Amino acid sequence: MQIIGEKINGTRKRVAQAIAERDADFIKSLALRQVEAGSAWLDVNAGTPPDREPDDLVWLIETIQPVIDIPLCLDSANLKALQTAVEVVDKTPLINSISGEPERLKGVLPLIAKHDCQVIALAMDEKKIPETSERRLEIIGRVLAETRAAGVPDEHVYCDPLALTLATNADSAVVAFQTMHAIKKHFPAVHLTIGLSNISFGLPARKYVNRTFLTLAMQAGLDSAILDPLDRDMQAAILATELVLGRDEHCLNYVRASRAGAFDEKGQKA
Ligand code: THG
């Protein structure tokens, strides 16, 4: 399971404040802690208005890069911000995201092809998220026709089936699982990813819902996720799920994590 650390996101109040005040120490520490927790990428989302976003994103990248050794996931709806950001990254980034929206594809695909980036493909078009897995698969099929035509290999595409909150749609997790199965069946070489916490928006005790959703999504083929890597219980759930799914040979990672004190083992015997 590859973790995309979610915490450097300007829609979070404390991060917005750090961006506004150019508080480099706060951002650096947030970056470092997520790397130490095993992130494969750090998501970077300035979340500021379009006219400020390119500068803010570049400031975030240049603040983070000297203290980390992993690539970034550039999270922006703003083409200009992505174009500017791609020029200042040290390591080839994961671009978050494209969708079936033709304008977006036209703008972002050349950037991905030129810099040999990986990319997240959302199962939606012009801001609409279809209700059924069939329609979501259809959009992913169209997006993959475009990425292939642009010379992007399927292995570089991370399909996001999209998780809407269960608070307003009881089927939302099931539709996401069905979409994952359908995508892997038709396009076995692509990866799957998801913004985990959307699933529990508006619900109490969100961590239980997030954790259970992640476990079941891993069974459906999820191999990466945008989540909070500092959540120890989430990390424990990932390790246990990989063990149960036969993806942890000789239980090596699980046992090693236990020895390193990753789990809450109070009152338990080995
Ligand atoms: N798919 C893709 N990209 C995405 C999303 C997705 N990027 C943005 C988002 N969804 C995932 N990132 C975050 C980052 C931070 C938080 C949630 C999702 C977060 N939220 C707190 C909460 O939900 O309670 C509130 C904010 C706070 O902590 O202040 O932290 O779906 N491809």
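Asker: What exactly am I supposed to notice about the site of the ligand here?
Answerer: Taken together, 13 residues lie near the ligand, and Asp-75, Asn-96, Asp-160, Asn-198 and Arg-206 sit nearest. The contact in question runs from a nitrogen atom of the ligand to an N or O atom on the side chain of Asp-160, over 2.8 Å. Measuring from an oxygen atom of the ligand, one finds a side-chain N or O atom of Arg-206 at 3.0 Å. Its free accessible area being 670 Å², the ligand has 68% of it covered by the protein chains.

Asker: Could you clarify how one ought to interpret the sheet that holds strand β2 (residues 41–45) in this entry?
Answerer: One open sheet holds the eight strands; their spatial order is β7-β6-β5-β4-β3-β2-β1-β8, and the pairing between them is parallel. Where the open sheet ends on each side, the last strands, each with one partner, are β7 (191–192) and β8 (224–227). One ladder, built from three bridges, connects strand β3 (residues 72–75) with strand β4 (residues 94–98); its direction is parallel. Directly across from Asp-75, in β4, lies its bridge partner Asn-96.

Asker: Got a minute to help me understand the packing of aromatic side chains in this structure?
Answerer: Remark: the centre distance and the inter-plane angle together describe each pair of aromatic rings, the angle taken between the planes. Enumeration over the complete set of coordinates arrives at three aromatic pairs. We note Arg-14 situated over the ring of Phe-26; from NZ or CZ to the ring centre the distance is 3.9 Å.

Asker: Where do I start with the side chain of Thr-63 in this structure?
Answerer: Within the secondary structure, Thr-63 sits in helix α3 (residues 53–64). On the basis of relative accessible area, Thr-63 is assigned to the buried category, the value being 6%. Residues in contact with Thr-63, not counting those within four places in the same chain, are Ala-24, Ile-27 and Lys-28.

Asker: Quick question: what am I supposed to make of the layout of surface pockets here?
Answerer: Here the idea is plain: a probe the size of a water molecule rolls over the atoms and shows the empty space left. The calculated volume of the largest pocket comes to roughly 1,100 Å³. Together, 41 residues line the largest pocket, and Asn-9, Asn-45, Asp-75, Asn-96 and Asn-198 are the ones closest to its centre. Elements with a minimum of two residues in the lining of the largest pocket: β1 (2–9), β2, β4, β5 (118–122), α8 (206–219) and β8. Looking at the lining of the largest pocket residue by residue, the class counts come to 15 nonpolar, twelve polar and 14 charged. Of the voids in this model, the second largest pocket is the one considered here, and its volume is about 410 Å³. Taken together, 19 residues line the second largest pocket, and the ones lying closest to its centre are Ile-3, Ala-37, Gly-38, Gln-235 and Leu-239. Of the residues belonging to the lining of the second largest pocket, the class tally is 13 nonpolar, four polar and two charged.

Asker: Sorry if this is basic, but what is going on with the pattern of salt bridges here?
Answerer: Think of it this way: side chains of opposite charge can pair up when their charged atoms draw near. Enumeration over the complete set of coordinates arrives at ten salt bridges. Among the salt bridges present, the one from Glu-138 reaches Arg-135, with a minimum N-O distance of 3.2 Å. Of this pair, Glu-138 and Arg-135 both sit in helix α6 (residues 133–149), three residues apart, which is roughly one turn of the helix. Classification of Glu-138 as partly exposed rests on a relative accessible area of 44%. Classification of Arg-135 as partly exposed rests on a relative accessible area of 32%. Each member of the salt-bridge network shares a partner with another, and the members are Arg-22, Arg-52 and Asp-56.

Definitions and cut-offs
- Residues numbered from 1 in each chain as written.
- Predicted model: local features only at pLDDT ≥ 70, side-chain atom pairs only at ≥ 80, totals over all residues.
- Heavy atoms only, no water.
- Near = heavy atom within 4 Å.
- Polar contact = N/O pair within 3.5 Å; in protein donor to acceptor, adjacent residues only side chain to side chain.
- Areas by Shrake-Rupley, 256 points an atom, 1.4 Å probe, with all protein chains shown as cover.
- Pairing = 2+ DSSP bridges.
- Helix = DSSP H or I, 4+ residues; strand = E, 2+ residues; numbered from the N terminus.
- Phe/Tyr/Trp six-rings, centres within 6.5 Å; stacked < 30°, edge-to-face > 60°.
- Lys NZ or Arg CZ within 6 Å of the ring centre and 35° of its normal.
- Buried < 20%, exposed > 50% of the residue type's maximum accessible area, 1.4 Å probe, protein only.
- Contact = heavy atoms within 4.5 Å.
- 1 Å grid on protein atoms, 1.4 Å probe; cavity = no way out; pocket = protein on both sides within 12 Å on 5 of 7 lines; lining within 4 Å.
- Points joined across faces, edges and corners; volume = space filled by probe spheres on them.
- Nonpolar A, V, L, I, M, F, W, Y, C, P; charged D, E, K, R; others polar.
- Salt bridge = Lys/Arg side-chain N within 4 Å of Asp/Glu carboxyl O.

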